[in-house]
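One letter stands for each residue in the lines below.
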Amino acid sequence: MTLSLLPGLGCTLINRLVRWLGSPAAVLDDPSGLRSRPGIGPRLVDILSDTRQRAAARQRARDELRRLGEFDLTLLTPDCPAFPSALRVLPDSPVLLYCRGALDWLERPAVAVIGSRAATDYGRRVATTFATELVAAGVTVVSGAAYGIDAAAHRGALAGGGGTIAVLGCGIDVIYPRTHAELFGSIAANGLVLSEYPLGTRPEGFRFPARNRIISGLAMAVVVVEATEKSGSLITARLALDQGREVFAVPGRIDSRKSAGTHRLIQQGAHLVQSTADILEELSWTRACISDPVDTALPSPLTEPERRLLDALDVYPRDIDALVRTTGLTVAEIHGLLLQLELQGLVRQVPGQQYERVRTD
């Protein structure tokens, strides 16, 4: 912790220093031995040798350790048995993990579900469904606790019985976004919240790309639900590939910029995913070790007009005029059929007097 609080030392460098000298204590006790190492400049040795800076960092570390109890936190270092082995092998492995919740979730197979902050209703619904079904299959869902897809994934996992890990881009005692205070509390109570940053660290923009390597590092696969072509989710996807993880992308409308990034990933070789089964099968997780998937069968046989109307609907909303043009049914017929389909849980109304399909067979 003292090393991490010194200026100018990132995770990659701290890991290298500890590997060279054997322990954090050795780095602090005798930094002069680093002068002959390639890539180590005199400025770094001066920082490590500055007794005033070291004393200030050590005092702050002591204060930080005392505060862990206030927030009911567990601190993990790479030497701890509970520290995720998948992270330990990364060259930029975090040197500390502040954790709130049950560490058991780190021991289970995990899939990251990520995507746009400004998600569509379609994207949020897909993320929720995937997360719920993955948790039901015994998989931990990892995400970044942001607006949009991240929040939907966490909520879906909680609805499925827990099994979610939120990786923060700020101190674990900082609620960001502020409106997610209740969500954070639910994750801490039923899953795990973690951060590599010291307490009180503000959510500055540059921290989130760094945070993403932990999201992908904890998972066997990354599922990108929605992303623009400049989305931070694509950074996570690239990190996942660099780390040897599988990358899945959910297709969307070709005229939606919210899906432009996922379509690009598919063009570049990501797995096109349409269901949770696609993920489980690609990762060779057998049904013998997972629970039954969520039943998506239609509840009862449909009449021909109901089937025609349902086929005209998609997960994207459509208004009555569009349905009239597509189906050839009258406005009165469509209103009556929509009511029947809503009662069966197959269709729902969304803002703007539009309707969308809820389930597919």
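Whatever comes next refers back to the structure up there.
Because the structure is a prediction, the values reported are computed rather than measured.

Q: Please explain the sheet that holds strand β7 (residues 221-224) as it appears in this structure.
A: Paired through their backbone hydrogen bonds, the strands of a sheet run either parallel or antiparallel. Taken in spatial order, the nine strands of this open sheet run β1-β2-β6-β5-β4-β3-β7-β8-β9, and their pairing is mixed. The strands lining the two open edges of the sheet, one partner per strand, are β1 (74-76) and β9 (271-272). With four bridges joining them, β7 and strand β8 (residues 246-249) adopt parallel strand pairing. Residue V223 lies in a different strand from β8, and its bridge partner there is F248. This element, helix α8 (residues 181-190), spans β2 (97-101), β5 (164-167) and β6 (192-195) of the sheet and lies at about 105 degrees to β6.

Q: I'm lost on the pattern of salt bridges in this one. Help?
A: Between side chains of opposite charge, pairing is possible as soon as their charged atoms come close. Enumeration according to the criterion identifies 13 salt bridges in this entry. Between D173 and R67 there is a salt bridge, and its shortest N-O distance comes to 3.7 Å. You can see D173 sitting in the loop between β5 and α8 and its partner R67 sitting in helix α4 (residues 51-67), a full 106 residues away along the chain. Classification of R67 as partly exposed rests on a relative accessible area of 29%. A salt bridge links R207 to E204; the shortest N-O distance between them is 2.8 Å. We classify R207 as buried; its relative accessible area is 15%.

Q: Honestly, the nonpolar core in this entry has me stumped. Any pointers?
A: Buried together is how nonpolar side chains tend to be arranged in soluble globular proteins. Ranked by internal contacts, the top residues of the largest apolar core, which has 36 residues, are L3, L9, L17, L48 and Y98. Going through the elements one at a time, α1 (11-21), α2 (24-29), α3 (42-49), α4 and α8 are the ones with two or more residues in this core. The contacts of L9, once residues within four sequence positions are left out, are L3, I14, L17, L44, I47 and L48. Counting residues in each nonpolar core, the second largest holds 31 residues, with L76, I215, V247 and A249 among its members.

Q: Can you walk me through the pairing of strand β4 (residues 140-143) in this structure?
A: Moving residue by residue along a regular strand, the side chains alternate between the two faces of the sheet. Neither face of β4 is left uncovered, since the one carrying T140 and V142 and the one carrying V141 and S143 both have all their residues buried. Sheet topology note: the strand β3 (residues 110-114)/β4 ladder contains three bridges and is parallel. Residue pairing in the sheet places A110 in a bridge with T140 of β4. Assessed by its sense of winding, the connection that carries the chain from β3 through helix α6 (residues 121-136) to β4 is right-handed. Relative to β5, β4 runs parallel, the two sharing three bridges. Note on β5: the bridge partner recorded for S143 is A166.

Q: Please clarify how the pairing of strand β11 (residues 347-350) should be interpreted in this entry.
A: Relative to strand β12 (residues 354-357), β11 runs antiparallel, the two sharing four bridges. In the sheet register, Q349 faces β12, and the bridge partner there is Y355. Here β11 folds back onto β12 in antiparallel fashion, the turn holding three residues, of which G352 has a positive phi close to 90 degrees.

Procedures and definitions
- Residues numbered from 1 in each chain as written.
- Predicted model: local features only at pLDDT ≥ 70, side-chain atom pairs only at ≥ 80, totals over all residues.
- Heavy atoms only, no water.
- Pairing = 2+ DSSP bridges.
- Helix = DSSP H or I, 4+ residues; strand = E, 2+ residues; numbered from the N terminus.
- Contact = heavy atoms within 4.5 Å.
- Axes fitted to C-alpha atoms, helices over the stretch in contact; angles between N-to-C directions.
- Salt bridge = Lys/Arg side-chain N within 4 Å of Asp/Glu carboxyl O.
- Buried < 20%, exposed > 50% of the residue type's maximum accessible area, 1.4 Å probe, protein only.
- Core = buried A, V, L, I, M, F, W, Y, C linked by side-chain atoms within 4.5 Å.
- Right-handed = clockwise from strand over helix to strand, strands pointing away.

Interpretation note: all reported values are geometric properties and have no functional meaning in isolation.
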